[in-house]
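Inside the fold
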Amino acid sequence: MTTVITKVGIDQVLWNPIFGIVFFSYLGLTEGKKPAEIQEKIKADLPTAVVGSWSYWIPAHLVNFRFIPGEQRLLYINCMQIVYNIFLSFIGNKDVKAE
């Protein structure tokens, strides 16, 4: 279990913020937004996305490795990913309020 906690910790502390920046940047670029608008989106919504990920994925992985049989883990994580993608979609499409 120590290995799982270490891997989930590294994933959430190091990879998650990087993924969030890439996600919001890609979304902004495909929507034709200017770099300044993308930067504002990242500033406004990255903290929410990171904390949301921590709140969702840490318990999800703990349940996965503690209670889900090995042959069902991929199905479980894929189902959890669908729900998390809905969360990201809402955040990604939320308008940034002008300061």
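Above this text you will find the structure in question.
Below: a short report on this structure.

Reading the values: rules and limits
Residues numbered from 1 in each chain as written. Predicted model: local features only at pLDDT ≥ 70, side-chain atom pairs only at ≥ 80, totals over all residues. Heavy atoms only, no water. Phe/Tyr/Trp six-rings, centres within 6.5 Å; stacked < 30°, edge-to-face > 60°. Helix = DSSP H or I, 4+ residues; strand = E, 2+ residues; numbered from the N terminus. Buried < 20%, exposed > 50% of the residue type's maximum accessible area, 1.4 Å probe, protein only. 1 Å grid on protein atoms, 1.4 Å probe; cavity = no way out; pocket = protein on both sides within 12 Å on 5 of 7 lines; lining within 4 Å. Points joined across faces, edges and corners; volume = space filled by probe spheres on them.

1. Quick look at the packing of aromatic side chains
Summed over the entire model, instances satisfying the criterion amount to seven aromatic pairs. Taking the centre distance of 6.2 Å and the plane angle of 45 degrees together, the rings of Trp15 and Phe19 count as tilted. A residue pair is termed a helical-turn pair when its members lie 3 or 4 positions apart in one helix, as Trp15 and Phe19 do in helix α1 (residues 2-30) at four residues. Owing to a relative accessible area of 46%, Trp15 belongs among the partly exposed residues under this scheme. Residue Phe19 is classed as partly exposed on the basis of its relative accessible area of 30%. On the numbers, 6.1 Å between centres and 25 degrees between planes, the contact of Phe19 with Phe23 is stacked. A residue pair is termed a helical-turn pair when its members lie 3 or 4 positions apart in one helix, as Phe19 and Phe23 do in helix α1 at four residues. Residue class for Phe23 comes out partly exposed when judged on its relative accessible area of 22%. Ring pairing ties together the aromatic residues Trp15, Phe19, Phe23 and Phe24, which thus form one cluster.

2. Some details on empty space enclosed by the protein
Inspection of every chain in the model, using the stated rule, returns two cavities of 30 Å³ or more. Size it by volume and the largest cavity reaches roughly 40 Å³. Every residue lining the largest cavity is listed: Phe24, Leu27, Gly28, Glu31, Lys33, Ile38, Lys41 and Gly92. Of all the secondary-structure elements, those providing two or more residues to the lining of the largest cavity are α1 and α2 (35-67).

Take it as geometry only, folks, not as evidence of what the structure does.
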